[in-house]
Amino acid sequence: MGYKRSARILFLSGLHPATANLAAHYGNRLGAQWMVARAAVLPETGGEVPVLDVATLEWADLLVTLDAPALKARPALRPGLQHRHYPFEPVPALTDKADWNDFARKIRLRIEGMIGGLRLLENASHADYDL
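Presented here is an overview of the structure given in this document. (Residues numbered from 1 in each chain as written. Predicted model: local features only at pLDDT ≥ 70, side-chain atom pairs only at ≥ 80, totals over all residues. Heavy atoms only, no water.)

### Observations concerning unusual backbone geometry
What you tend to see is this: most non-glycine residues have negative phi, and most peptide bonds are trans.
Here is step 1 of the chain: Cis rather than trans, the peptide bond between Glu 89 and Pro 90 has omega equal to -10 degrees.
Here is step 2 of the chain: Relative to the helices and strands, Pro 90 resides in the loop between β4 (82-85) and α4 (97-126). (Helix = DSSP H or I, 4+ residues; strand = E, 2+ residues; numbered from the N terminus.)

### Side note on the sheet that holds strand β1 (residues 7-13)
Here is step 1 of the chain: Spatial ordering of the open sheet is given by β2-β1-β3-β4, a layout of four strands whose pairing is parallel. Strand pairing shows two members of the sheet lacking a second neighbour, β2 (35-41) and β4, which therefore form its edges. Within the sheet, the average angular offset between the axes of one strand and its neighbour, ignoring direction, is 20 degrees.
Here is step 2 of the chain: Taken together, the four bridges between β1 and strand β3 (residues 62-65) define a ladder with parallel strand orientation. Considered in β3, the bridge of Leu 12 is made with Thr 65.
Here is step 3 of the chain: The strands touched by helix α1 (residues 17-30) are β1 and β2; relative to β2, the strand with the most contacts, the crossing angle is about 170 degrees. (Pairing = 2+ DSSP bridges. Axes fitted to C-alpha atoms, helices over the stretch in contact; angles between N-to-C directions. Contact = heavy atoms within 4.5 Å.)

### Section: the packing of aromatic side chains
Here is step 1 of the chain: With the rule as written, the count across this model stands at two aromatic pairs.
Here is step 2 of the chain: Look at Phe 88 and Phe 103: their rings are 6.3 Å apart centre to centre, the planes differ by 80 degrees, and that puts the pair in the edge-to-face class. Taken together, the positions of Phe 88 in the loop between β4 and α4 and Phe 103 in helix α4 put the pair 15 residues apart, joining distant regions of the chain. Neither Phe 88 nor Phe 103 differs from the other in exposure class; each is buried.
Here is step 3 of the chain: With a centroid separation of 5.3 Å and an interplanar angle of 85 degrees, the aromatic rings of Trp 100 and Phe 103 are classed as edge-to-face. Taken as a pair, Trp 100 and Phe 103 lie in helix α4 at a separation of three residues, close to a single helical turn.
Here is step 4 of the chain: Judged by relative accessible area, Trp 100 falls into the buried class, the value being 14%.
Here is step 5 of the chain: Overall, Phe 103 belongs to the buried group, its relative accessible area being 6%.
Here is step 6 of the chain: Of the aromatic side chains, those joined through ring pairs into one cluster are Phe 88, Trp 100 and Phe 103.
Here is step 7 of the chain: Its end group placed over the ring of Tyr 86, Arg 110 keeps NZ or CZ at 3.9 Å from the ring centre. (Phe/Tyr/Trp six-rings, centres within 6.5 Å; stacked < 30°, edge-to-face > 60°. Buried < 20%, exposed > 50% of the residue type's maximum accessible area, 1.4 Å probe, protein only. Lys NZ or Arg CZ within 6 Å of the ring centre and 35° of its normal.)

### Regarding the environment of Ile 9
Here is step 1 of the chain: Turning to its location among the elements, Ile 9 is positioned in strand β1.
Here is step 2 of the chain: Taking the C-alpha atoms as reference points, Ile 9 and Pro 90, 81 residues apart in sequence, are found 23 Å from one another.
Here is step 3 of the chain: Contact partners of Ile 9, with chain neighbours within four places excluded, come to Met 35, Val 36, Ala 37, Arg 38, Trp 59, Leu 62, Val 64, Met 114 and Leu 118.

### A word on the environment of Thr 65
Here is step 1 of the chain: The residue Thr 65 is located in strand β3 in this model.
Here is step 2 of the chain: Not counting the four nearest positions on each side in its chain, Thr 65 is found in contact with Leu 12, Ala 70, Leu 71, Arg 74, His 83, Arg 84, His 85 and Tyr 86.
Here is step 3 of the chain: Looking at Thr 65, its side chain comes within polar contact range of the side chain of His 83, at 2.9 Å. (Polar contact = N/O pair within 3.5 Å; in protein donor to acceptor, adjacent residues only side chain to side chain.)

Structure representation (structure tokens):
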């Protein structure tokens, strides 16, 4: 028996909206078979990413905090909601394209690792353990 649905992952940033946005983008683009990802930010972060709310927390299976402010502000976890902290700090200056490319590459590598873990779990759920 395999998984019944994709994992719902919420990426939360408190420093810059691009961090959560990039993580969700890579999750949805590269891991669509295993996950559905959303981005959220803390209220004081600003930008075009939705602010963390109760409904989004209730939707998620996994909350991934991406920086120290997000970790510090992490809400209480309800039963069934797991948490991981993958810090991506400092956020590069917007004017430094090379640093942003490296920053995006690091986020992508982390998401690829998450996808690999989900793939392994799926394969294990299909393994035949008859001896």
